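Per-entry structural report
Listed below are the residues making up each chain.
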Amino acid sequence: MTTTPRAVRRNSRPAAPPDPARPLLPASEQIRLLDPAGAPLPVHPDYPAPPVEVLVELYRRMVLGRRFDLQATALTKQGRLAVYPSARGQEACQVGAILALRDDDWVFPTYRESMALTARGIDPVEVLTLLRGDWHCGYDPAVRRTAPQCTPLATQCVHAAGLAHGEAYQGRDTVALAFLGDGATSEGDFHEGVNFAAVFKAPVVYFVQNNQYAISVPLSRQTAAPSLAYKGVGYGVPSEQVDGNDPVAVLAVLNRAVAHARAGHGPFLVEAHTYRMEPHTNADDAARYRDADEVASWQDRDPVVRLETYLRDRGALDDTTVARVAAQAEEYAADLRERMHDKPTVDPLTLFDHVYAEPTPQLVEQRAQVRAELAADQEGAG
Amino acid sequence: MASMTMAKALNTALADAMLDDDRVVVFGEDVGQLGGVFRITDGLAARFGDKRCFDTPLAEAGIVGFAVGLAMSGLRPVVEMQFDAFGYPAFEQIASHVAKLRNRTRGALTAPIVIRIPYAGGIGGVEHHCDSSEAYYAHTPGLKVVTPATVADAYSLLRSAIDDPDPVVFLEPKKLYFASAETQLPARTEPFGRAVVRHQGTDATLVAYGPAVPVALAAAEAAQAEGWNLEVVDVRTIVPFDDDTIAASVRKTGRCVVVHEAQGFAGVGAEIAARVQERCFHSLHAPVLRVAGLDIPYPAPMLEHTHLPSVDRVLDAVARLQWDDQPDERWVAA
Ligand SMILES: Cc1ncc(C[n+]2csc(CCOP(=O)(O)OP(=O)(O)O)c2C)c(N)n1
Ligand SMILES: [Mg+2]
């Protein structure tokens, strides 16, 4: 047996093929275009900053969104809403996602996305119908191209894949964006959704708002991955992680993700590192699982302040505009308060209207019974 | 008329529906090239292309959730769960989304999806391949739940399911897949919501569906030797349920036995018995009885015949219908 000298063997070894996983992996650091105080960082080759007028609009909708959110929390205290899951602190994500989309794209929101839906131009009273409790969805999802807010965690991830595939199948260039939280990435339907979208090359953007907690459970209990964005590579899906409190970076990264999907390259996964400043909902007591120092440390990265500083420094925003936007926000909140003041009227007979296209004989019977009960109640009252 | 199996009738129904409506897409596990493990989708991918009949990743929640999204985009998905017990991973999608989409959006979005599920036993299947899961679905408002017992119904009910504006869980009795009958397709039988009298009788009514219908018919045949003339009603569509046909039959005969393969406790038979008593109390000469599977996890193949409703068990129940005006001695306090 002849042996090849070591040096020769090493020299004759073919060049290692490029690692196919490499292009799918997120940057090892969060993409960031502004520093925490709002000063611009060096230009990023993959993520050009969006045009300044778009950023001013982003700012405007974030201010309105925050004001809406505060108003909704206040409405819970007045008993006008059954419950409200606040997105305060997540404005860059909530609004950035909407600005990255066209009006005819589809959005798959969760219970957390009330602010995003108002940013989409949906009437805030219609948005709050679910939480006020007069029906499960107040807006017309077909017209708004916005699925009803989804509560069973991650189940919307598969719907987004199906919708996006169906649209592409019928020759339309619609993109679907599915919102989800850090906790929801542990659910099977997240994995099934991303996998289906990847296998069928469906144009979906999966947008994870990692706000560090799933109710009380911290991220470390959801995953041992370096970051949630690393979950894409196993499905062949390119991914990115972004500073979710940097509005410029969020929009820049989502713009790229949407463009990737729309160009027919399949799904894209974005993880935004952010923080919810409020408890999980008004009914939650966050002091039981996180301390005030932690919350305060995120206060310094406030996305609205950060964008305002940046735009002022660029000369794109002045006191007049800031005041005008603030006034708009107050008007918006006042109108919402006003319209949420009265209890809505609900009609028990509508309970039977949409179970099936045609009610079953059993539902017809039950409807008649409820109608008779209502009539008897009226007689008793009258 | 040609002799045809239920499997072929189902296959033809899918092909005809795809031919008539471009929006119909068929997908699931092994349904493409292979044609499904029971060959119900045989030839569809070759005929209509792999965009309209295709294999998916192996994930049932994914399959059903994908169908929800496709329906939202305007398509008409027909999906296959490979076996009854493998539909369970999809249960959340079915119960929380498929069943509720129309209601939660007040009709703005709908889910005209057909979920085909080969179900029930009697084929010597190993664990997890023989469940009768109809009660889970029937208990979920918003779903229609359908199960054919004849070859013509298999074709017609599947066509109706695909045309239906609401989601349909379409339960295909495995045991009957390869039973054949003289059938001319395209057959159109009674619509959804209509039960059918399969055998006329005067003494007692057997109510059955799916794989229990042939058992009930065989029992009616055998009962003649004992001097009983039994009527057999095939439920066909568990939801929507046809109270009228069943109540009319029981008012005529005055006695009723419900027969199904699923375990009896909290099963569809309990619902039927309750409904019959609510409607026919004054016509009944005996309590409504049930002949159902035992309240056990589906048994191993060598024991399944003990579990399944048999002609003898049905006849034993009929014998207990207080023919001599004596109460059933099992229920009389000692
Ligand atoms: C399938 C399912 N399990 C449990 C719940 C209850 N639940 C509602 S929100 C939530 C936490 C979700 O956390 P995350 O995904 O991080 O989103 P966030 O609320 O932080 O926006 C839980 C456990 C649910 N809605 N759905
Ligand atoms: Mg979270």
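Residues numbered from 1 in each chain as written. Chains lettered and ligands numbered in written order. Predicted model: local features only at pLDDT ≥ 70, side-chain atom pairs only at ≥ 80, totals over all residues. Heavy atoms only, no water.

**Some points on the overall build of chain B**
Looking only at helices and strands, chain B features 12 helices and 14 strands. Taken against the 2.2 N^0.38 rule, which gives 20 Å for 334 residues, the C-alpha radius of gyration of chain B at 20 Å falls within 12% of a compact globule. Across its three principal axes, chain B shows a C-alpha extent of roughly 65 × 45 × 35 Å. Looking at chain B as a whole, 62% of its 334 residues are labelled buried. (Helix = DSSP H or I, 4+ residues; strand = E, 2+ residues; numbered from the N terminus. Rg over C-alpha atoms; globule rule 2.2 N^0.38 Å. Buried < 20%, exposed > 50% of the residue type's maximum accessible area, 1.4 Å probe, protein only.)

**A few points about the coordination of the magnesium ion (ligand 2)**
Residue and element names in this part refer to chain A. Looking at the magnesium ion (ligand 2), one finds its protein donor set to be D182 (OD), N211 (OD1) and Y213 (O), positioned 2.0 to 2.1 Å from the metal centre. The sequence motif formed by the donor residues of the magnesium ion (ligand 2) is D-x28-N-x1-Y. Placement of D182 in the loop between β2 (176-181) and α9 (188-199) and of N211 in the loop between β3 (204-210) and β4 (213-214) is noted, with a sequence separation of 29 residues between them. For D182, a relative accessible area of 1% puts it in the buried group. (Donors = N, O, S within 2.8 Å, 3.2 Å for Na, K, Ca; no water.)

**A word on the pairing of strand β6 (residues 239-243) of chain A**
All names here are of chain A. In terms of burial, β6 is a largely internal element, five of the five residues being buried. Burial along β6 is two-sided: S239, Q241 and D243 facing one way and E240 and V242 facing the other are all buried. When β6 meets strand β7 (residues 268-273), the two strands line up parallel, connected through five bridges. Looking at the pairing, D243 lines up with H273 of β7. With respect to chirality, the unit in which β6 leads through helix α10 (residues 247-265) into the neighbouring parallel β7 is right-handed. (Pairing = 2+ DSSP bridges. Right-handed = clockwise from strand over helix to strand, strands pointing away.)

**Here's the deal with the interface of chain B and chain A**
Listed per partner, the contact involves 47 residues of chain B and 43 residues of chain A. Surface buried jointly by chain B and chain A totals about 3400 Å² across both partners, of which 64% is contributed by carbon and sulfur atoms. On the chain B side of the contact with chain A, F66, R104 and R106 of chain B bury the most area, a combined 20% of that side's loss. Inspection of the chain B/chain A interface yields one salt bridge. In this structure, R279 of chain B engages E365 of chain A in a salt bridge whose closest nitrogen and oxygen atoms are separated by 3.3 Å. Applying the counting criterion to the chain B and chain A interface returns 17 residue pairs in polar contact (both at pLDDT 80 or more). Counting only elements with at least two residues in the side of chain B that touches chain A, the list comes to β3 (53-55), α3 (60-72), α4 (91-98), α5 (101-104) and α10 (268-280) of chain B. In terms of residues, the side of chain B that touches chain A owes the most to one element, α3 of chain B, which gives 10 residues. Taken together, the residues of the side of chain B that touches chain A break down into 20 nonpolar, 13 polar and 14 charged. (Contact = heavy atoms within 4.5 Å. Buried area = accessible area lost by both parts, 1.4 Å probe. Salt bridge = Lys/Arg side-chain N within 4 Å of Asp/Glu carboxyl O. Polar contact = N/O pair within 3.5 Å; in protein donor to acceptor, adjacent residues only side chain to side chain. Nonpolar A, V, L, I, M, F, W, Y, C, P; charged D, E, K, R; others polar.)

**Structural notes on the state of the cysteines**
Counted according to the given criterion, the structure contains zero disulfides over all chains. Here C150 of chain A stays unpaired: no disulfide links it, and the sulfur of C157 of chain A, its closest cysteine neighbor, is 8.3 Å away. (Disulfide = S-S within 2.5 Å.)

**Re the environment of V207 of chain B**
Residues and elements named next belong to chain B. Locating V207 in the fold gives a position in strand β10 (residues 204-208). Judged by its relative accessible area of 1%, V207 is buried. Sequence-wise, V207 and V258 are 51 residues apart; in three dimensions their C-alpha atoms are separated by 4.7 Å. Leave out the neighbours within four places in its chain, and V207 touches V233, V235, I246, C256, V257, V258, V259 and I272.

**Quick look at the site of ligand 1**
The local shell around ligand 1 holds 16 residues, among which Y111, R112, T151, D182 and G183 of chain A are the closest. Lying at an intersection of chains, ligand 1 is approached by residues of chains A and B. Here an oxygen atom of ligand 1 sits 2.8 Å away from a polar atom, N or O, in the side chain of D182 of chain A. A184 of chain A places a polar main-chain atom, nitrogen or oxygen, 2.9 Å from an oxygen atom of ligand 1. Here the shell around ligand 1 is built from residues that sort into seven nonpolar, five polar and four charged. (Near = heavy atom within 4 Å.)

**As for the pattern of salt bridges**
Enumeration according to the criterion identifies 36 salt bridges over all chains in this entry. Between R102 of chain B and D166 of chain B there is a salt bridge, with the nearest N and O atoms lying 2.8 Å from each other. Placement of R102 of chain B in helix α5 and of D166 of chain B in the loop between α7 (151-163) and β7 (168-173) is noted, with a sequence separation of 64 residues between them. Judged on exposure class, the residue R102 of chain B and its partner D166 of chain B are both buried. Three or more residues are tied together by salt bridges with common partners; here these are E365 of chain A together with D243, E271, R275, E278 and R279 of chain B.

**Remarks on the domain arrangement of chain B**
Reports often express the size of an interface as the amount of accessible area lost when the parts come together. All names here are of chain B. In terms of domains, chain B is made up of domain 1 (2-183) and domain 2 (196-325). Look at where the C-alpha atoms of domain 1 and domain 2 centre, and you get two points 27 Å apart. Taken together, the contact between domain 1 and domain 2 spans 28 residues of the former and 23 residues of the latter. Surface buried jointly by domain 1 and domain 2 totals about 1900 Å² across both partners, of which 59% is contributed by carbon and sulfur atoms. Connecting domain 1 to domain 2 are two salt bridges. Between D153 and R198 there is a salt bridge, with the nearest N and O atoms lying 2.9 Å from each other. Linking domain 1 with domain 2 are 10 residue pairs in polar contact (both at pLDDT 80 or more), by the criterion used here. At four residues, helix α6 (residues 134-138) tops the list of elements feeding residues into the side of domain 1 that touches domain 2. (Domains from an automatic or database assignment.)

**Let's talk about the sheet that holds strand β9 (residues 196-199) of chain B**
Residue and element names in this part refer to chain B. One open sheet holds the five strands; their spatial order is β9-β11-β10-β13-β14, and the pairing between them is mixed. What marks the edges here is a single partner per strand, and that holds for β9 and β14 (289-293). Within this sheet the neighbouring strands show an average axis-to-axis angle of 25°, counted without direction. Here β9 pairs with strand β11 (residues 230-234) via three bridges, running antiparallel. (Axes fitted to C-alpha atoms, helices over the stretch in contact; angles between N-to-C directions.)

**Concerning the packing of helix α2 (residues 52-77) of chain A against α10 of chain A**
Residue and element names in this part refer to chain A. Running from N to C, α2 and α10 point in directions that differ by 115°, and their axes come no closer than 11 Å. Classified by the angle their axes make, α2 and α10 are roughly perpendicular. The element α2 and its partner α10 pack so that their crossing is right-handed. Between α2, through V54, L55, L58 and M62, and α10, the contact on the second element is made entirely by P247, V248 and L251. Of the residues belonging to the contact of α2 with α10, the class tally is seven nonpolar, no polar and no charged. (Parallel < 35°, antiparallel > 145°, perpendicular 65-115°, else oblique. Left-handed = near helix turned anticlockwise from the far one by under 90°.)

**Here we look at the environment of F190 of chain A**
Residues and elements named next belong to chain A. Assignment of secondary structure puts F190 in helix α9. Assessed through its relative accessible area of 1%, F190 is described here as buried. Between the alpha carbons of F190 and E29 there is a distance of 23 Å; along the sequence they are 161 residues apart. Excluding residues within four positions of it along the chain, F190 makes contact with A154, C157, L180, A184, T185, K231 and L269.

**Observations concerning the sheet that holds β7 of chain A**
Residues and elements named next belong to chain A. The strand order across the open sheet formed by five strands is β1-β2-β3-β7-β6, and the pairing between neighbours is parallel. Edge positions in the sheet fall to β1 (106-108) and β6, since each of these pairs with one other strand and no more. Neighbouring strand axes in the sheet, compared pairwise and without regard to direction, differ in orientation by 20° on average. α9 rests against β2, β3 and β7 of the sheet, and its axis sits at about 150° to β3.

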